[in-house]
Amino acid sequence: MELTMEQIAAMAIASIAEEMQEDVKQLRIVSFREVHQSSLEQYIADNQIQYKKYQLGD
Amino acid sequence: MDERWQSQIERLMKKREEVYAAGGAERIAKQHASGKLTARERMEALFDDGTFVEINDMLSSRATDFGMDKKKKPGDGVITGYGKIHGRVAFASSQDFTVGGGALGEAHAMKICRAMDMAMDMKAPFISVNDSGGARIEEGIDSLTGYADIFYRNTIASGVIPQISVILGPCAGGACYSPAICDYIFMTEKNSQMYITGPAVVKSVTGEVISAADLGGAAVHSATSGVAHFVYPDDLSCLNGVRELLGYLPQSNEDTSLVVPGVPVDNCASLADIVPADSKRAYDVRDVIAAFVDAESFFEVQPNFARNIVVGFARIEGKTVGIVANQSAFMAGSLEINASDKGARFIRFCDCFNIPLLTLVDVPAFLPGSQQEHNGIIRHGAKMLFAYAEATVPKVSVIMRKAYGGAYIAMNSKGLGADVVFAWPVAEIAVMGAAGAVAIIGKRAIDAAADPDAKRKELVDEYNDKFMNPYVAAEHGYVDEVILPDETRQKVLAAFDMLAEKKKALPVKKHGNIPL
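Residues numbered from 1 in each chain as written. Chains lettered and ligands numbered in written order. Predicted model: local features only at pLDDT ≥ 70, side-chain atom pairs only at ≥ 80, totals over all residues. Heavy atoms only, no water.

A closer look at the overall build of chain A
Note the following rule: Only DSSP runs of H or I with at least four residues qualify as helices, and only runs of E with at least two residues qualify as strands; both kinds are numbered from the N terminus onward. For the radius of gyration, the atoms used are the C-alpha atoms, and the globule rule reads 2.2 Å times the number of residues raised to 0.38. Burial here depends on accessible area, computed with a 1.4 Å probe over protein chains only, as a share of the maximum for the residue type. Under 20% is buried, over 50% is exposed, and the range in between is partly exposed. Residue burial considers only the protein chains on display, and all accessible areas are found by Shrake-Rupley using a 1.4 Å probe. Here Asp and Glu are counted as negative and Lys and Arg as positive; His is not counted, and neither are the chain ends. Where a charge lies is defined by one atom per residue type: Lys uses NZ, Arg uses CZ, Asp uses CG and Glu uses CD.
A tally of regular secondary structure across chain A gives 2 helices and 0 strands. The C-alpha atoms of chain A give 16 Å as radius of gyration, which overshoots the globular expectation for 58 residues (10 Å, by more than 25%). For the C-alpha atoms alone, the extent of chain A along its principal axes is close to 40 × 35 × 25 Å. The burial tally for chain A puts 14% of its 58 residues in the buried class. Of the roughly 5,300 Å² that chain A leaves accessible, carbon and sulfur atoms contribute 51%. Charge-centre separation for chain A: the mean point of 5 positive side chains lies 7 Å from the mean point of 10 negative side chains.

Considering the interface of chain A and chain B
As a reminder, the rule being used: What makes two residues a contact is simply this: any of their non-hydrogen atoms within 4.5 Å. Salt bridges are defined by distance alone: a side-chain nitrogen of Lys or Arg within 4 Å of a carboxyl oxygen of Asp or Glu. A 3.5 Å cut-off defines polar contacts: any pair of N or O atoms within that distance qualifies, except that in protein one atom must be a possible hydrogen donor and the other a possible acceptor, and neighbouring residues in sequence count only when both atoms are side-chain atoms.
Taken residue by residue, the interface counts 14 residues in chain A and 18 residues in chain B. Counting across the interface, chain A meets chain B through 1 salt bridge. Counting every contact that joins chain A to chain B gives 9 residue pairs in polar contact (both at pLDDT 80 or more).

Brief notes about helix α13 (residues 337–352) of chain B
Residues and elements named next belong to chain B. Counted only if it meets this: To estimate how far a helix should reach, multiply one less than its number of residues by 1.5 Å.
For α13, with 16 residues, the first-to-last C-alpha span of 23 Å sits near the 22 Å given by 1.5 Å per residue. Between the side-chain oxygen of the N-cap and the backbone nitrogen of Asn338 there are 3.4 Å, and the N-cap of α13 in question is Glu336. A positive phi of about 60° marks Asn354, the residue just after α13.

Focus on the domain arrangement of chain B
All names here are of chain B. Stated precisely, the cut-off is as follows: All domain edges in this entry derive from an automatic or database-based domain assignment. Note on terms: buried area is the combined drop in 1.4 Å-probe accessible area of two parts once they are placed together, counting the loss on both. Residues are grouped as follows: Ala, Val, Leu, Ile, Met, Phe, Trp, Tyr, Cys and Pro are nonpolar; Asp, Glu, Lys and Arg are charged; all remaining types, including Gly, are polar.
Each assigned domain of chain B is listed with its residue range as follows: domain 1 (3–246), domain 2 (268–432 + 469–499) and domain 3 (434–467). Taking only C-alpha atoms, the centre of domain 2 and the centre of domain 3 are 30 Å apart. Contact between domain 2 and domain 3 buries roughly 460 Å² in total, counting both sides, with carbon and sulfur atoms accounting for 47%. It is Met432, Asn469 and Val472 that lose the most area in domain 2 upon contact with domain 3, and together they represent 82% of the buried surface on that side. Between the two partners, domain 2 and domain 3, sit 0 salt bridges. Our enumeration of links across domain 2 and domain 3 arrives at 4 residue pairs in polar contact (both at pLDDT 80 or more). Its residues assigned to classes, the side of domain 2 that touches domain 3 shows 5 nonpolar, 1 polar and no charged.

Concerning the side chain of Asn240 of chain B
Relative to the helices and strands, Asn240 of chain B is located in helix α10 (residues 235–246). On the basis of relative accessible area, Asn240 of chain B is assigned to the buried category, the value being 13%. A distance of 2.6 Å separates the side chain of Asn240 of chain B from the backbone nitrogen of Tyr54 of chain A, its partner in a polar contact. Not counting residues within four places of it along the chain, the set of residues in contact with Asn240 of chain B comprises Tyr51, Lys52, Lys53 and Tyr54 of chain A.

Take a look at the structure:
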């Protein structure tokens with residue numbers, strides 16, 4: 001089942017509310033921006049590259 | 001929102017689109033097909049997620065000759081900006097090969113210089129990603145001056161902020177000198193090339209036929225010329241390597257390295273098994289290092305060049321140290337021209353950036369021979385002595401086995417200013433080995449003896465007993481303590497702990513005059 005943008009946004013807001021232990025009805029969205037997959041993420045996915053960005057302690 | 005707002009926003013978005021389109025889909029596809037990332041993708045891989053901020057994205061060339069004003073060059077072929085690496089600010093430039101082959105003109109150089117100036121103002125590392133066909137010929141002398149402006153800044157920033165060059169494509173002609181002035185050069189196996197003159201010019205001038213890879217590829221520069229410090233298979237692993245290196249370094253000469261808690265290791269009980277007591281038998285000194293630094297923390301620099309000396313960063317109790325070690329498994333760990341250059345440069349880097357130095361000594365000599373003498377072993381070997389003597393960071397030595405002659409002096413001896421010198425019980429600290437010494441000082445006695453072989457053996461035994469141990473040096477104060485191998489980590493750690501607040505200043509001078 002493919003989710004609509006509205007459904008994805010609703011699920012995200014519900015997750016944030018749960019994380020913040022707030023009533024979801026108390027949350028107000030001030031701005032909303034769709035974040036696309038970056039060119040690098042796309043390249044890595046297209047080429048099926050195993051990649052993990054190095055982090056301190058790795 | 002009124003109409004004017006709307007139109008101006010649309011205008012900005014259109015301009016942004018043009019800049020972000022870089023050289024166009026076709027050229028980007030070509031870049032990807034050759035296994036290379038685009039300039040912006042490289043910045044995304046280098047910096048912590050979502051932290052890269054581009055500066056001067058619309059700065060463009062003012063050149064008009066040769067129809068330059070009609071050619072679109074988004075970003076003028078280079079992307080510059082800042083972001084975070086391990087949560088700390090860093091600055092970078094990334095040449096865009098899809099825009100005019102990443103060729104450097106006046107505006108291109110100006111962008112790089114502005115980012116470098118900001119890095120100096122903020123005392124933060126600067127990383128330059130090189131992927132360029134060279135100078136933009138249409139801009140003539142302005143291109144060359146652009147290079148000069150960069151070289152000047154590289155030089156002034158040297159020793160103030162870490163500077164790292166990442167070669168992810170061609171880097172030819174004068175362009176090579178910016179990486180050369182930087183602290184570290186990273187290359188990739190297939191796509192990196194560095195040379196002052198390319199294969200075509202070499203052929204036309206000298207008649208020599210040679211491929212680009214054989215002339216200036218990563219294998220050549222990491223193993224033969226010593227120009228490159230690190231080689232990785234591709235862009236992503238290479239940029240991860242830069243991130244890893246920066247994890248060991250401070251932001252500037254006014255800072256200290258991050259403490260990165262790891263897994264402490266103390267396998268010093270195994271050191272007497274790793275290192276044979278017979279000083280003629282070889283071992284891999286990296287096994288010694290791994291026995292007491294934090295688990296998997298040793299990050300070797302130039303592993304394929306001058307393999308008779310091992311240098312690199314490691315952590316002990318999470319704190320960065322620079323390690324210099326003779327490699328018994330290669331040329332018996334002797335010092336020669338390349339090892340001296342490699343060691344001296346690493347020592348000076350550590351001293352610039354407040355990284356304590358640990359020296360592991362097992363050195364038979366400076367390599368003898370006319371090849372070494374004629375190529376200037378005196379001049380090159382002097383760099384090691386100069387670098388150690390000049391370094392004011394905490395300096396600790398462990399003499400594991402052989403420490404003979406001038407090479408003993410060069411490897412952070414007490415006389416050169418070592419703060420603490422330890423020696424293992426099998427250490428041999430002497431002017432030279434027994435056979436050579438007896439051949440000189442016992443010659444008359446051996447010649448006069450009825451049984452010369454027996455006399456030689458007697459004298460060798462006497463020399464071994466008297467000099468081939470650490471106790472004479474300890475009695476004379478050149479060794480602070482003879483320690484058991486098992487105690488190595490504990491003693492080294494305690495010494496660095498004691499030296500943590502060391503403050504030592506050299507006499508006021510413009511700069512020293514290191515033999516070059």
